[in-house]
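Observations on the three-dimensional arrangement
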Protein chains: 2
Amino acid sequence: MAENMILYWGSGSPPCWRVMLALEEKSLSGYQSKLVSFSKKEHKGEEVLKLNPRGQTPTFRDGDVVVNESNAICFYLEDRYHDKGQKLLPDDQKQKAEVLQRTFEAANLQTVFIEKIVHYKRFTKPENQDEKLMEERFSNARVELNIWENYLKKNGDGAFIVGKEFTMADVFLFPYVAFLVRMGLQIEKFPALSTYYKRLCDRPSVQASWPPHWKEGPGQTIMSTI
Amino acid sequence: MAENMILYWGSGSPPCWRVMLALEEKSLSGYQSKLVSFSKKEHKGEEVLKLNPRGQTPTFRDGDVVVNESNAICFYLEDRYHDKGQKLLPDDQKQKAEVLQRTFEAANLQTVFIEKIVHYKRFTKPENQDEKLMEERFSNARVELNIWENYLKKNGDGAFIVGKEFTMADVFLFPYVAFLVRMGLQIEKFPALSTYYKRLCDRPSVQASWPPHWKEGPGQTIMSTI
């Protein structure tokens, strides 16, 4: 089954990681895994472009089905392989609604941290960076983290982001949390998030999909003042 | 059923519009509809904040279920009311995979047009706007539109974005196409998109949810050079 699947992915990219987590959780770990080097522009190479005209990762094929958007891949896998591995969308409709909400709510982390802070720092010359704007954005980032901290607190110890089972919402949330830690976030300031992070780090799906280049060198400090 | 639903929405916002389209398509048009004025900061008012701590639109409640992310609302509605109105996700797994792909692929229009062009023009002082960067972004925008033009062409006359039925992918795609026309896009340059746009404008769900302030005044010209 999984041997008919091929995934092109980039190391440390939250969208790629969520797909890899979903594959592991659905017991589909035997897929063909192609790590793409962005610095060598492999995502713009012929092999990727023939499946994905935008030349982006993730790019994914399952037999004759091509799905390239990370959100679409995760929902496709849960639907197509609903009887395999971990159930990522619960049957209970109220709980499912909460899983859907948290799943897509995780995109706020992409905006608040990656687009507004990481990309701003990366693409704005140091002399043009607006200190006041950055302070405001760091303040918003703390508000955002506290929203997630409170969800986890309400849910109690040992919980996942929704209820007591790992769901699609964790597939989407966890890569952002790990990314923030990699970027220097002192996660101990957020006790429930810290417990959640450490416990999920031990999960087999997370260990199997941990970004390889993170094992080799230190992270950054950009989030250390949060 | 729909009388237990309440939606807070902003006029002309593609995420709000997709929710309204989904509600109409699922024959749930009797919901309580609350148009929120951004200029009066009603989205940061108590009524919205008690359901949505981020104070954003859409904000949506169905009985005791609160779902605020537009993607989550659309998937919730299709799941919860699968027997009502238009079927937005087909049963056929291959076709469903394509619908999921196109549904989330529409987010590229958000990035390429709204974030990279509209927001750039709105938030960068005219004297700081980089002409060369804008040219590059307009060129990328043409590439993006041609990707959608080709999907529609392959699909033949009278088609929707996937197959011959209106699906979730149209719910996500159409508000962006209409937004671009409102922003001055000369859609006739893209014949298949133009046919698609005009045909969908006549659809009852589209007519019922057309942004009210668009009926009152002219649009913009920002996309007229594409």
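Everything numeric in this text was worked out from a predicted model, so none of it was measured. (Residues numbered from 1 in each chain as written. Chains lettered and ligands numbered in written order. Predicted model: local features only at pLDDT ≥ 70, side-chain atom pairs only at ≥ 80, totals over all residues. Heavy atoms only, no water.)

The next thing to look at is the relation of the copies chain A and chain B. With an RMSD of 0.0 Å, chain A superimposes on chain B once it is rotated by 180° and translated 0.0 Å along the axis. In the structure described here, the two chain copies are related by an operation that fits a two-fold rotation axis. Comparing contact sets, 100% of the residues at the interface of chain A also lie at the interface in chain B, consistent with an isologous, same-surface contact. (Least-squares fit on C-alpha atoms with pLDDT ≥ 70 in both. Contact = heavy atoms within 4.5 Å.)

Side-chain pairing between opposite charges can occur once the charged atoms of the two side chains come close. Taken as a whole, this structure holds 20 salt bridges over all chains when the rule is applied. Two residues, Arg102(A) and Glu98(A), come together in a salt bridge whose shortest N-O distance is 4.0 Å. In this pair, Arg102(A) and Glu98(A) are both assigned in helix α4 (residues 93-105), four residues apart and thus about one turn of the helix distant. The partner of Lys87(B) in a salt bridge is Asp91(B), and the shortest N-O contact between them spans 3.3 Å. Residue Lys87(B) is classed as partly exposed on the basis of its relative accessible area of 39%. Members of the salt-bridge network, linked through shared partners, are Arg54(A), Glu98(B), Arg102(B), Glu105(B) and Glu144(B). (Salt bridge = Lys/Arg side-chain N within 4 Å of Asp/Glu carboxyl O. Helix = DSSP H or I, 4+ residues; strand = E, 2+ residues; numbered from the N terminus. Buried < 20%, exposed > 50% of the residue type's maximum accessible area, 1.4 Å probe, protein only.)

A word on the interface of chain A and chain B. Counting from both sides, the interface comprises 28 residues of chain A and, opposite them, 28 residues of chain B. Both faces considered, chain A and chain B share a buried interface measuring about 2500 Å² in area, 54% of it formed by carbon and sulfur atoms. Looking at the side of chain A facing chain B, the largest losses of area belong to Arg54(A), Gln101(A) and Phe104(A), adding up to 24% of the total buried there. Linking chain A with chain B are eight salt bridges, by the criterion used here. Residue Glu144(B) is joined to Arg54(A) by a salt bridge in which the shortest nitrogen-to-oxygen separation is 2.7 Å. Looking at the side of chain A that touches chain B, the elements with two or more residues in it are β4 (65-67), α3 (70-80), α4, α5 (107-123) and α6 (131-155) of chain A. By residue number, the principal contributor to the side of chain A that touches chain B is α4(A), which donates eight residues. Tallied by class, residues from the side of chain A that touches chain B come to 12 nonpolar, six polar and 10 charged. (Buried area = accessible area lost by both parts, 1.4 Å probe. Nonpolar A, V, L, I, M, F, W, Y, C, P; charged D, E, K, R; others polar.)

Remark on secondary structure: sheet strands pair via backbone hydrogen bonds, oriented parallel or antiparallel. All names here are of chain A. Across the sheet, four strands lie side by side as β2-β1-β3-β4; this open sheet has mixed pairing. Lying at the two open borders of the sheet, with one neighbouring strand each, are β2 (32-35) and β4. This sheet shows a mean twist of 15° between the axes of neighbouring strands, independent of strand direction. Note that strand β1 (residues 5-9) and β2 share four bridges and pair parallel. Bridge assignment links Tyr8 to a residue of β2, and that residue is Lys34. Docked against the sheet, helix α1 (residues 14-25) engages β1 and β3 (59-62), running at close to 150° with respect to β1. (Pairing = 2+ DSSP bridges. Axes fitted to C-alpha atoms, helices over the stretch in contact; angles between N-to-C directions.)

Scanning the model with the defined rule gives 24 aromatic pairs over all chains in all. Here the basic side chain of Arg137(A) rests over the ring of Tyr120(A), its NZ or CZ set 5.2 Å away from the ring centre. Here Arg102(B) stacks its cationic end above the ring of Tyr151(B), 3.6 Å away from the centre of that ring. (Phe/Tyr/Trp six-rings, centres within 6.5 Å; stacked < 30°, edge-to-face > 60°. Lys NZ or Arg CZ within 6 Å of the ring centre and 35° of its normal.)

This part takes up the state of the cysteines. The final tally for this structure, using the stated rule, is zero disulfides over all chains. Of all cysteine sulfurs in the structure, the one in Cys74(B) sits closest to Cys16(B), which takes part in no disulfide; the separation is 11 Å. (Disulfide = S-S within 2.5 Å.)

Attention shifts here to the environment of Leu21(B). Residue and element names in this part refer to chain B. Position of Leu21 among the secondary structure elements: in helix α1 (residues 14-25). Residue Leu21 is classed as buried on the basis of its relative accessible area, which comes to 0%. Aside from chain neighbours lying at most four places away, what touches Leu21 is Val171, Phe174, Pro175, Ser205, Val206 and Ser209.

Side chains on a regular strand alternate between the two faces of the sheet. All names here are of chain B. Among the five residues that make up strand β1 (residues 5-9), five are buried, leaving the element largely enclosed by the rest of the structure. Bridge analysis of β1 against strand β3 (residues 59-62) gives four bridges, and the strand direction is antiparallel. When the bridges of β3 are listed, Tyr8 appears paired with Thr59. Chirality of the crossover, the property in question, places the unit of β1, α1 and strand β2 (residues 32-35) among those that are right-handed. (Right-handed = clockwise from strand over helix to strand, strands pointing away.)

All names here are of chain A. Splitting chain A by domain gives domain 1 (2-80) and domain 2 (93-216). For domain 1 versus domain 2, the distance between C-alpha centres works out to 22 Å. In total, about 1700 Å² of surface goes out of reach between domain 1 and domain 2, with carbon and sulfur atoms giving 76% of it. On the domain 1 side of the interface with domain 2, the three residues burying the most area are Trp17, Leu21 and Phe75, jointly 37% of the side's total. On inspection of domain 1 and its partner domain 2, the count reaches one salt bridge. Residue Arg203 pairs with Glu25 through a salt bridge whose shortest N-O separation is 2.7 Å. Counting across the domain 1 and domain 2 interface gives five residue pairs in polar contact (both at pLDDT 80 or more). Of all the elements in the fold, those that place two or more residues in the side of domain 1 that touches domain 2 are α1 and α3. Looking at side-chain class alone, the side of domain 1 that touches domain 2 contains nine nonpolar, three polar and four charged residues. (Domains from an automatic or database assignment. Polar contact = N/O pair within 3.5 Å; in protein donor to acceptor, adjacent residues only side chain to side chain.)

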